[in-house]
Amino acid sequence: DLPGQPLPASHPAADPQEEARAVGVADALGHAAARHWALERLVLSRLQLPDACLEALVAPLAAHPALSALDISCSSVGPLTAAALSELLLRPSYLSTIVARGCGIDSDGIAAIASSLRFNTRLAALDLSDNPMGVAAEASAPEVSEPDSVLTSPVVAAAEALASMLENNDSLRQLRIARCGLDQPEDPTMRKKSVTFSLDGLDEDDHSVGDVVSGSPDEDMVSPGDGNTGEGDEAEVQSEGGESQGGDEEPATPKPPAPPPLLGQLLGEALSKSRACGLELLDVSGNWLTDAGVVAFAKGLPRASQLTALYLRDCGGVGAYGELASAISAGSSLLLCDIVDEPLLPADAPPGRASAASPAAGSPTTGSLQLALCSNRWAAGKLWSSLVSAYPPRVAAAATLAFRSLPGATADEAPLSELVGRLLPPLVCARLSAWPATAVLPYGGFVQWLADFFCGAWDEAADDSPFASLVRLMAQPTTLRSEQDSLSANPSLLEVAGSALLRDKRRYRKQPKAKATVPEDAESLRSDALHRLASIVDSLSALEPGVEAGSTAVKETLRGMFAATCRVEDEHEPLHVVLPPELHVSAAEDVLEKTYRLEMQGMLRVEGPDAPADMAHTKPTFEHLPHGGAVLASGRCTFDDWDYFLDETAPDAWREWLHCLRWLSVGSSSSVLCRPETLLESGETTMRYEVLLEREFSAGVLRCALTAMQSNGDADGEAEAEGDDADAIAAEGAGEDMAATEDQDTTDETAADCTEVAREGAERKAPRLDWSLSALQVQISPSFVPPGPLATWHDTEPFKPPDGGTEQEVEDDYRAATPRADDG
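Procedures and definitions
Residues numbered from 1 in each chain as written. Predicted model: local features only at pLDDT ≥ 70, side-chain atom pairs only at ≥ 80, totals over all residues. Heavy atoms only, no water. Helix = DSSP H or I, 4+ residues; strand = E, 2+ residues; numbered from the N terminus. Buried < 20%, exposed > 50% of the residue type's maximum accessible area, 1.4 Å probe, protein only. Contact = heavy atoms within 4.5 Å. Areas by Shrake-Rupley, 256 points an atom, 1.4 Å probe, with all protein chains shown as cover. Salt bridge = Lys/Arg side-chain N within 4 Å of Asp/Glu carboxyl O. Polar contact = N/O pair within 3.5 Å; in protein donor to acceptor, adjacent residues only side chain to side chain. Pairing = 2+ DSSP bridges. pLDDT = per-residue confidence, 0-100. Phe/Tyr/Trp six-rings, centres within 6.5 Å; stacked < 30°, edge-to-face > 60°. Lys NZ or Arg CZ within 6 Å of the ring centre and 35° of its normal. Arc of directions from axis to C-beta. Core = buried A, V, L, I, M, F, W, Y, C linked by side-chain atoms within 4.5 Å. Axes fitted to C-alpha atoms, helices over the stretch in contact; angles between N-to-C directions. Parallel < 35°, antiparallel > 145°, perpendicular 65-115°, else oblique. Left-handed = near helix turned anticlockwise from the far one by under 90°. Nonpolar A, V, L, I, M, F, W, Y, C, P; charged D, E, K, R; others polar. Expected span 1.5 Å × (residues − 1).

Re the overall build of the protein
Step number 1: A tally of helices and strands in the protein yields 24 helices and 17 strands.
Step number 2: Burial analysis of the protein (824 residues in total) assigns 41% to the buried set.
Step number 3: For the protein, the share of sequence-separated contacts (at least 6 apart) that also reach a separation of at least 24 residues comes to 78%.
Step number 4: Accessible area of the protein: about 42,800 Å², with a carbon and sulfur share of 52%.

Notes on the pattern of salt bridges
Step number 1: Per the stated rule, a full pass over the model turns up 22 salt bridges.
Step number 2: For the salt bridge of R506 with D570, the shortest nitrogen-to-oxygen distance reads 3.8 Å. Of this pair, R506 sits in the loop between α16 (493-503) and α17 (522-541) while D570 is found in the loop between α18 (552-559) and α19 (590-600), placing the two residues 64 residues apart along the sequence.
Step number 3: Residue classification places R506 among the partly exposed positions, given a relative accessible area of 42%.
Step number 4: Across the pair E556 and R559 runs a salt bridge whose closest N-O atoms are separated by 2.8 Å. Of this pair, E556 and R559 both sit in helix α18, three residues apart, which is roughly one turn of the helix.

Some remarks on the side chain of N131
Step number 1: Topologically, N131 is positioned in the loop between β4 (125-127) and α5 (154-168).
Step number 2: In this structure the side chain of N131 is engaged in a polar contact, spanning 3.0 Å, whose partner is the backbone nitrogen of G104.
Step number 3: Here the side chain of N131 touches L128 through a polar contact of 2.8 Å, landing on its backbone oxygen.

Quick notes on the sheet that holds strand β3 (residues 97-99)
Step number 1: Judged by pairing direction, the sheet is parallel, and its eight strands sit side by side in the order β1-β2-β3-β4-β5-β6-β7-β8 without closing on themselves. Looking at which strands have only one partner, the edges of the open sheet turn out to be β1 (41-43) and β8 (336-337).

Digging into the confidence of the model for the protein
Step number 1: Mean pLDDT over the protein works out to 76, with 69% of the residues at or above the 70 mark.
Step number 2: No element of the protein has a lower mean pLDDT than helix α6 (residues 209-214), at 40, and none a higher one than strand β9 (residues 413-415), at 95.
Step number 3: Contacts of residues 343-366 to residues separated by more than four positions or lying in other chains number 41 contacts, the stretch itself having pLDDT below 50.
Step number 4: Considering only residues more than four positions removed or in separate chains, one finds that residues 820-824, a stretch of pLDDT under 50, has five contacts.

A few points about the packing of aromatic side chains
Step number 1: In the structure shown here, the tally under the stated rule is ten aromatic pairs.
Step number 2: Note on W449 and F454: the rings are 5.4 Å apart at their centroids and 70° apart in plane angle, and the pair reads as edge-to-face. Both residues of the pair, W449 and F454, count as buried.
Step number 3: Ring plane angle 90° and centroid distance 6.0 Å describe the contact between Y596 and F799, whose orientation is recorded as edge-to-face. Remark: F799 occurs in the loop between β17 (772-780) and α24 (807-817) and Y596 occurs in helix α19; sequence separation between them is 203 residues.
Step number 4: Put simply, the rings of F403, Y443, F446, W449 and F454 pair up and form one aromatic cluster.
Step number 5: One cation-aromatic arrangement involves R695 over W663; the distance from NZ or CZ to the ring centre is 3.6 Å.

Topic: α18
Step number 1: Listed in full, the buried residues belonging to α18 are V554, T557 and L558. Projected onto a plane normal to the axis of α18, the buried residues spread over an arc of 95° and lie on a single side. Seen from the open side of α18, the exposed residues pointing more than 90 degrees away from its buried face are T552 and R559.
Step number 2: Looking at the packing, one finds that the buried side of α18 touches α17 and α21 (653-664).

Quick notes on the nonpolar core
Step number 1: Grouped together as the largest cluster of nonpolar side chains are 83 residues, with contacts concentrated most on M133, I177, L182, L279 and L301.
Step number 2: Sorting elements by how many residues they give to this core places α5 first, with nine residues.
Step number 3: Beyond its immediate stretch of four places on either side in the chain, L279 contacts L166, L172, R173, Q174, L175, L271, Q306 and L307.
Step number 4: Counting residues in hydrophobic clusters, the runner-up holds 49 residues, among them V537, L543, V591 and W642.

Structural notes on the pairing of strand β14 (residues 669-678)
Step number 1: Where β14 and strand β15 (residues 685-697) come together, ten bridges link them in antiparallel fashion. Bridged to C674 within β15 is Y689.
Step number 2: Joining the antiparallel neighbours β14 and β15 is a turn of six residues, in which G683 adopts a positive phi near 80°.

Section: the environment of G445
Step number 1: In this fold, G445 is placed in helix α14 (residues 443-454).
Step number 2: With relative accessibility at 0%, the residue G445 sits in the buried group.

Comments concerning the packing of helix α2 (residues 51-58) against helix α3 (residues 79-90)
Step number 1: For the pair α2 and α3, interaxial distance at closest approach is 7 Å and the crossing angle is 20°. Regarding the angle of α2 to α3, the classification is roughly parallel. For the pair α2 and α3, the sense of crossing is left-handed. The segment α2 lies against α3, with D51, A52, L54, E55 and V58 engaging P79, L80, T81, A84, L85 and L88.

Description of the packing of helix α7 (residues 263-273) against helix α8 (residues 290-298)
Step number 1: The contact between α7 and α8 brings their axes to 7 Å, and the two run at 5°. Of the possible angle classes, the one that applies to α7 and α8 is roughly parallel. Contacts between α7 and α8 involve G264, Q265, L267, G268 and L271 on the former and, on the latter, G293, A296 and F297.
Step number 2: Here the contact of α7 with α8 is composed, by residue class, of four nonpolar, four polar and no charged.

Digging into the side chain of T686
Step number 1: Along the chain, T686 turns up in strand β15.
Step number 2: Here the side chain of T686 touches Q710 through a polar contact of 3.0 Å, landing on its backbone oxygen.

Topic: helix α11 (residues 393-404)
Step number 1: An ideal rise of 1.5 Å per residue puts 16 Å on twelve residues; α11 measures up with 17 Å between its terminal C-alpha atoms.
Step number 2: What α11 keeps buried is the set V395, A396, A399, T400, A402 and F403. The buried side chains of α11 occupy one side of the element, clustering within an arc of 165° when seen end-on. Across α11 from its buried face, at more than 90 degrees, point the exposed residues P393, R394 and L401.
Step number 3: Check the buried side of α11 and you find it contacts β9, β10 (440-442), α14 and α15 (466-474).

Focus: the environment of L558
Step number 1: Following the sequence through the fold, L558 ends up in helix α18.
Step number 2: Expressed as a C-alpha distance, the spacing of L558 and W654, which sit 96 residues apart in the sequence, is 7.2 Å.
Step number 3: Discounting residues that sit within four places of it in the chain, L558 has contacts with L540, A588, W654 and W657.

So, the environment of S486
Step number 1: Along the chain, S486 turns up in the loop between α15 and α16.
Step number 2: Assessed through its relative accessible area of 28%, S486 is described here as partly exposed.
Step number 3: Separated by 57 residues in the primary sequence, S486 and C429 place their C-alpha atoms 9.7 Å from one another.

Regarding unusual backbone geometry
Step number 1: Even without a glycine there, the phi angle at C74 is positive, about 65°.
Step number 2: Positionally, C74 belongs in the loop between β2 (69-71) and α3.
Step number 3: Assessed through its relative accessible area of 37%, C74 is described here as partly exposed.
Step number 4: A positive phi angle, near 50°, is found at A650, a position not held by glycine.
Step number 5: For A650, the location among the structural elements is in the loop between α20 (642-649) and α21.
Step number 6: For A650, a relative accessible area of 52% corresponds to the exposed category.

Written as structure tokens, this is what we have:
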């Protein structure tokens, strides 16, 4: 480990003899390191070795049998060293890490290194940050600049070399090419022309002023005195001597150069074409790829199945965030990204104030990128403290130690005031915080907060990075003592992150539950839930048509449809995210007060000129009358239908349940999810199952969820029941055999006993779990328009018989389409 050591070979003199001596010293050091077989890590950073010396030092290392890490940062990597590194990578060595930051590697050098990496199967980490890859070597640079030849520009050549390496190499796990000058070259076809013109002598028959200013006159227009006819003329042809055969006419306009390729597209296509991309970390921050380049690059992310950390800061603008979020949600495994797409409030704005940086129309959804990352962390089980395993090891150790060093902190939590008090002035904390002074921040929330705001800012090579500043502040013995009552107009990242901690209500305070998964016996659970739903519909159908809603029979029937008490924490939150928590049902009246009321109030009801005058119109189109005035010709109208529905319809809760559940009992699509939970009363672990039934109707979609709990005791009882069922089936088979060999009277008696045992076993098996209704949703389509001013979606078929039909016909059709339990 020789970082920054003043070796004699660092600055050789111009004298050839001194230069040869310096090269000899470096060569001796290289051969000495090559003979030292116990050497596993060689750090030569900040030695500032010239190209010839560095080549002499690196070349002998190709024969080292155990060297795994080499750091030559801040030296000069020219063509000699690039060739030596290329030879080193082609040899069958154990080298797995190369760090060459700030070594002056140009486009030719990266091309040589990347070509060797196409065949390398050992190297796992490569750091080439802060190298001018977009610049050509001085020896190969053209004497005359040719701006139109962008296809062969150094930056495009470097991007193509990196793309070829990504497409063919399957051993790299970490690649850092930050701030390497890989900026998207300018499109010469889009360059603005500088036009000088004069209005003197401009006749009415000449070109218009707009044509002269734009520099692109109409090609079909003919100047006075010309013999040409404009359209259809043949192109001018030059003789072999170079003289024009068309008199004084100008030669044909040369073909414009082709636009340069998108650098982001080159890298993204390489990821998508890779046979087995094993990248886990990719850092391309600080290279301006433009929004279009970032969008093109994002299309290759779903194929990089192992990529968990992506750094794209300063590669594009806000316009690329939406597509990037969509790519992450489309199957990417990303957990860390250094872009915060959420429009941030002013750091010292009071709670509830509207954002001054609200997204414009057509921009990506607020926080869409962060939501996509959180979804990936949730699916990977890293939406809490386990995410620290994705941090760099030194960062994880420093963050954990800094968290535990806060006054009053433990391994699991720390006082919130101790952390934000080191980031924000006391008066700002007092104005922003809505939490008591005793509020704590869990360690898992701290880990998520670091990933959201400091990902990519924890560069180990920078002592002044925001993460390093955060660790130093957390190590201070006391909080800030500033009398500042507000923050600057451009707050720092530390101040923005601190204010986010104070505004947060749940993100960093409460550990989320595990993500629901599909159980192995999903089909069996679905069958059990449908069996339970059919029994509920039968019970509701058995009630007399004129029975009162408050009768004992109705109460008993409805009471058995729902769970008696809240069994687990946050039971109102369904496992299927399509159902909002507000539609959790626990009583019969919820079908009206929650499900119907949500869709009745403010829903669209009528369209056209017959709309009442007190309705609010959305984007109306008026037809003007001949003698003045206007009528509504089209446009959607909204109206609060809830009071009208209650007064005019007087619905019964049990009848509305019957309409909804009967519709869902036939032809519904289903989805089954499960998640382990903890019972509130006993603290035991239970498995929560949820079956979602969904069926469309003319006005929208109808959904309901059934939930069941299975504790460990229930699972043991189920296994015993299955054993009893097997015994019953065997007994039934024995009864059939006895019927063929013994007397008829004895056989009938024995067979009856066996059949009874089998029936008892079947009754214990179906249904296995106690299913109850947990959610009901009526989601009306935005395109639905009722037939008249007094009609609503409640007048459609699920809730009313079709035209010309009766309630009894609907019941008969339902029974004909649903297999009964009595039919086996």
